[in-house]
Amino acid sequence: MTVLIAPSILSADFGRLAEQVSEAAEAGADWIHVDVMDGHFVPNITIGPAVTSAVRAATDLPVDVHLMIEEPDRYLSAFADAGADYITVHQEVCPHLHRTIECMRELGVHPGVTLNPATSLETLAEVVPEVDLALIMSVNPGFGGQAYIPSSTDKIRRLRAMLDERGSDGVQLQVDGGVNVGTAGEVSGAGASVLVAGAAVFKHPEGISEGIRLVRRAAEQGREGLVQVGAEPADGVG
């Protein structure tokens, strides 16, 4: 399985957002990741449908919207209309998760479900056949720049096994939080297929293109079992 790189605009320069999104696309990014936070479910406030629409206008790449918000059902239509290709909601705030997934399907977007670090994989068991994306948070969501939680690796590996056992080959396994050159190999080696990287891309001292190149190289080497992680401090997105 090819490893996809999804730069998170949480670490982008919002004064040059369209330019930076275009630069990431030209540098070989596979998706663009949009982190939406409401100040309730997570202790931060970020962006909404208007910025998502601006990202959509700046690129033809899939736009991957991660809703870290309470009552996500109220906003699914707005983000779909803004151009989201994927919308991911948190299991922790969806009491009727099947209904939420069905709503996303009806809106024409790929449905995804996210688990916080302390949330058991068993909470995904009943919906795995219904989703197109399963996201493991490898930091506690809310802020960029957090260090990768080491126990996430085993969780990624167990989710990969769950997907394989259930024949869910079409489900993308995404990881978000602390993904950089020092951790991308471990994450991809454990079975992740989509890596969300924020600061490692948009704040790389040698530019966006070099950030993407180095994260992708580390991820591919990890998939081949060639590297050990922990070589660099984490600078990820949550």
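Everything here concerns the structure above.
First, a word on what this report is: a plain description of the structure on this page. Computed from a predicted model, the values in this text were never measured in an experiment.

Some points on the sheet that holds strand β8 (residues 194-197)
One open sheet holds the eight strands; their spatial order is β1-β8-β7-β6-β5-β4-β3-β2, and the pairing between them is parallel. Each edge of the sheet is formed by a strand with only one pairing partner; in this case those strands are β1 (4-7) and β2 (32-37). On average, each strand axis in the sheet is inclined to that of its neighbour by 25°, with strand direction left out of account. Pairing analysis gives four bridges linking strand β5 (residues 110-115) to strand β6 (residues 133-137), with the strands arranged parallel. Paired with Leu115 across the bridge in β6 is Ile136. Each of β2 and β3 (63-68) is contacted by helix α2 (residues 49-58), which is oriented at about 165° to β3, the strand it contacts most. Packed on one face of the sheet, helix α4 (residues 97-106) meets β4 (86-90) and β5 and runs near 145° to β5.

Describing the environment of Gly83
Topologically, Gly83 is positioned in the loop between α3 (76-81) and β4. When its relative accessible area of 15% is taken as the criterion, Gly83 is described as buried. Separated by 26 residues in sequence, Gly83 and Ala57 have C-alpha atoms that sit 8.5 Å apart. Gly83 has contacts with Arg56 and Val63, leaving out every residue within four places of it along the chain.

Cut-offs applied
- Residues numbered from 1 in each chain as written.
- Predicted model: local features only at pLDDT ≥ 70, side-chain atom pairs only at ≥ 80, totals over all residues.
- Heavy atoms only, no water.
- Pairing = 2+ DSSP bridges.
- Helix = DSSP H or I, 4+ residues; strand = E, 2+ residues; numbered from the N terminus.
- Axes fitted to C-alpha atoms, helices over the stretch in contact; angles between N-to-C directions.
- Contact = heavy atoms within 4.5 Å.
- Buried < 20%, exposed > 50% of the residue type's maximum accessible area, 1.4 Å probe, protein only.

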